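Notes for the structure review
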Amino acid sequence: MTTTLIRNGTVVTADLTYKADVRVENGRIAEIGPNLSADGATELDASGCYVMPGGIDPHVHLEMPFMGTYSSDDFESGTRAGLAGGTTMVVDFCLPEPGQSLLEALKRWDNKSTRANCDYSFHMAVTWWDKQVWDEMETVVKDHGINTFKHFMAYKGALMVNDDEMFASFQRCAALGALPLVHAENGDVVATLQQKLLAEGNDGPEGHAYSRPPEVEGEATNRAIMIADMAGVPLYVVHTSCEQAHEAIRRARQKGMRVYGEPLIQHLTLDESEYFNADWDHSARRVMSPPFRNKQHQDSLWAGLQSGSLSVVATDHCAFTTEQKRTGVGDFTKIPNGTGGLEDRMPMLWTHGVGTGRLTPNEFVAVTSTNIAKILNIYPKKGAILVGADADIVVFDPEKEKTISADSQQSAIDYNVFEGKKVKGLPRYVLTRGKLVIDDGAVKTEEGHGKFVKREPFQAVNKALSTWKELVAPRKVERSGIPASGV
Ligand SMILES: NC(=O)NCCC(=O)O
Ligand SMILES: [Zn+2]
Ligand SMILES: [Zn+2]
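The residue numbers shown here count from 1 along each chain, following its written sequence. Here chains are named by letter from A upward and ligands by number from 1 upward, in the order in which they appear as written. Given that the model is predicted, a residue must reach a pLDDT of at least 70 before its local features are reported, and side-chain atom pairs must reach 80 or more before they are shown or counted; all residues, however, enter totals for whole chains, interfaces and linings.

Under an unreviewed UniProt entry, the name given to the protein chain is D-hydantoinase/dihydropyrimidinase, and the source organism is Notoacmeibacter marinus. UniProt positions are given in the numbering used here, feature names are shortened, and annotations may be inferred rather than shown by experiment. According to the UniProt record, the Function (unreviewed entry) comment for the protein chain reads "Catalyzes the hydrolysis of dihydropyrimidines and of the structurally related DL-5-mono-substituted hydantoins, to produce N-carbamoyl-D-amino acids." In UniProt, the protein chain has this text filed under Sequence similarities (unreviewed entry): "Belongs to the metallo-dependent hydrolases superfamily. Hydantoinase/dihydropyrimidinase family."

This part is about the overall build of the protein chain. Summing up its helical and strand segments, the protein chain has 15 helices and 18 strands in all. Over its C-alpha atoms the protein chain spans a radius of gyration of 23 Å, differing by no more than 12% from the 23 Å that the globule rule assigns to 487 residues. By its C-alpha atoms, the protein chain is 90 × 65 × 40 Å across when sized along the principal axes. To sort residues by burial, count the other C-beta atoms lying within 10 Å of each one's C-beta; a count of 20 or more means buried, 12 or fewer means exposed, and anything in between means partly exposed. C-beta atoms are built from the backbone. Taking all 487 residues of the protein chain together, the buried fraction comes to 56%. Every helix listed is a DSSP run of H or I at least four residues long, and every strand listed is a run of E at least two residues long, numbered separately from the N terminus. Note on method: radius of gyration uses C-alpha positions; expected globular size equals 2.2 Å times residues raised to 0.38.

Before going further, it helps to spend a moment on the pairing of strand S16 (residues 422–432). Among the eleven residues that make up S16, nine are buried, leaving the element largely enclosed by the rest of the structure. Only when DSSP finds a minimum of two bridges between them are two strands counted as paired. As paired strands, S16 and strand S17 (residues 435–439) are joined by four bridges and run antiparallel to one another. Counted as the bridge partner of Leu 431 is Leu 436 from S17. Linking S16 back to S17 in an antiparallel pair, the connection comprises two residues, with Arg 433 at a positive phi of about 40 degrees.

With 133 residues, the main nonpolar core has Val 22, Val 51, Cys 94, Ala 224, Leu 235, Val 237 and Val 395 as its most contacted residues. Here Val 237 is in contact with Val 182, Ala 184, Thr 221, Ala 224, Ala 245, Ile 249, Val 259, Tyr 260, Gly 261 and Glu 262, once residues within four sequence places are set aside. Only buried Ala, Val, Leu, Ile, Met, Phe, Trp, Tyr and Cys residues enter a nonpolar core, and they are joined through C-beta atoms within 7 Å. In this description, any two residues whose backbone-derived C-beta atoms lie within 7 Å of each other are considered to be in contact.

On to the sheet that holds strand S9 (residues 87–94), then. Taken together, seven strands build an open sheet; the order of strands is S6-S9-S10-S11-S12-S13-S14 and the sheet is parallel. The open sheet has two edge strands, strand S6 (55–60) and strand S14 (259–261), and neither has a second partner. Taken over all neighbouring pairs, the strand axes of this sheet differ in orientation by 25 degrees on average, direction set aside. Between N-to-C directions, angles cover 0 to 180 degrees, with each direction set by a line fitted to C-alpha atoms, over the stretch in contact for helices. On top of the sheet, helix H2 (residues 102–112) reaches S9 and strand S10 (119–125); it is set at about 145 degrees to S9, its chief contact.

A word on the site of ligand 1. As a rule, any residue with its backbone-derived C-beta atom within 6 Å of a molecule or strand is reported as near that molecule or strand. As a structural note, the neighbourhood of ligand 1 is formed by His 61, His 183, Met 288, Ser 289, Asp 316, Cys 318, Asn 337 and Gly 338. Any residue outside Ala, Val, Leu, Ile, Met, Phe, Trp, Tyr, Cys, Pro, Asp, Glu, Lys and Arg is labelled polar, Gly included; the first ten of those are nonpolar and the last four are charged. For the shell around ligand 1, the class distribution of residues is two nonpolar, five polar and one charged.

Once that is clear, we can look at the pairing of strand S5 (residues 50–53). Pairing analysis gives two bridges linking strand S1 (residues 4–12) to S5, with the strands arranged parallel. Bridging across to S5, Val 11 finds its partner in Val 51. Relative to strand S15 (residues 393–403), S5 runs antiparallel, the two sharing four bridges. Note that in S15 the partner of Val 51 across the bridge is Val 395.

Further remarks concern the packing of helix H7 (residues 214–231) against helix H8 (residues 243–254). Packing of H7 against H8 leaves a shortest axis separation of 7 Å and a crossing angle of 20 degrees. One finds that H7 runs roughly parallel with respect to H8. The element H7 and its partner H8 pack so that their crossing is right-handed. Touching Pro 214, Glu 215, Glu 217, Gly 218, Thr 221, Asn 222 and Ile 225 of H7 are Glu 243, Gln 244, Ala 245, Glu 247, Ala 248, Ile 249 and Ala 252, all from H8. Counted by class, the contact of H7 with H8 contains six nonpolar, four polar and four charged residues. Comment on the angle field: the value is read as roughly parallel under 35 degrees, roughly antiparallel over 145, roughly perpendicular from 65 to 115, and oblique elsewhere. Take the far helix as the reference: if the near one is turned anticlockwise from it by less than a right angle, the crossing is left-handed, and if turned clockwise, right-handed.

So, on to the packing of H2 against helix H3 (residues 131–144). Where H2 meets H3, the axes come as close as 9 Å, and the angle between the chain directions of the two elements is 40 degrees. Taken as axis vectors, H2 and H3 run oblique relative to one another. Residues Leu 102, Leu 103 and Leu 106 of H2 form the contact with H3, whose participating residues are Val 133, Glu 136, Thr 139, Val 140 and His 144. Residue composition of the contact of H2 with H3, grouped by class: five nonpolar, two polar and one charged.

The residues that UniProt annotates with the feature "modified residue: N6-carboxylysine" (unreviewed entry) are Lys 150. By the secondary structure assignment, Lys 150 is in strand S11 (residues 148–152). Accessibility expressed as a C-beta count within 10 Å gives 24 for Lys 150, which makes it buried. Among residues more than four places away in sequence, those in contact with Lys 150 are Phe 93, His 123, Ala 125, Val 126 and Leu 181.

Structure follows, in structure tokens:
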């Protein structure tokens, strides 16, 4: 493999900013320092740019079977879109059908992902529960390198699990050194509100937003946090969209609980007015769960990123075409839930975060890459600019501008929820394990270059929690002089 020298840039990591060149050899970072010699390396000029760890998007659904169809970006177009925007690793969700073996489902995901242009990993979803699932969770962790398990508290009658199943699975995660994830919405309340709205003739896409008020998310988030605490396991809450859910996470963290919240770039930058557009297609294209919220909720999410109560910015990239969305004409509950964002997460967050002074460049790196690398137990292989780390690097030009448009995007769908938004801050170069794939606007991705990233269990937080749990476990009180039974 070629040697590459990234020259004259400013290295920005989650905790440091300094001028240095970066040498890449055999897919890894080989040397970092001032004025490194070229030695026949291909040189990339990073003058005026920041040299940062490539983004990690821990929440994507590529070719996801959902609501009677499949999301339209697969591992090829999805990872190409990610790379174009500076994201060099994605984590998808393996979804067993109810009753299906977790290991069977994994085979399907292994087949789909061979087309990936960048490295990837999987979360395993727990979509049903019995002894087989309990058994297979161990194989998933120990033999397949998957240390995260997702639980849907919504999508009643499809992916949803109940509290008893969730508690059992969380306890299993604790024993295996794995991290449970939750989609936190009260699925029973949502289902009831959906039926009520439809009965009242409220069948348009705005009905989707009305059926999922912030309270259904706040309640479920708090419930999941309490269940995780009782199981003695950390918790990761995906797509945190509102103050009610953020409040529950903030409160738990202040009490010392290990709970991580993940806002999406969509919730940070788009609001609920999208659902009241007179154009049905416009609103339906933005139907996702949880729905977009108002400005107060957005302010809460930004504050969470600034103060550290929220940890990661993701996309939940789950892209459906306009035609697919139209399945829900006359019944909003049939509109496939999901929006795109993989190509736009980094530029949109830079523009609306760093560009407005809400985030520092170091905080930007933390929430797009380093924090999630630590949570997933893949740091510093990923999420770092350090000698020995994988050369997943974005050379980011803070002056480069564009207007987002579906006409020029990599995603396979026919629209973009950020259409018309101006961004300032874009990749000049992107390297995935040392391979230059975005070269000053030219896309040179290689299908199949991406490799599965195994993740070890028992990260430090699990160990700390299990030590504490053992210390405070119920213990029988040994008594002398027990009185005779009263019976
Ligand atoms: N978020 C969404 O609407 N679609 C993808 C599936 C999920 O994450 O809930
Ligand atoms: Zn979800
Ligand atoms: Zn999702």
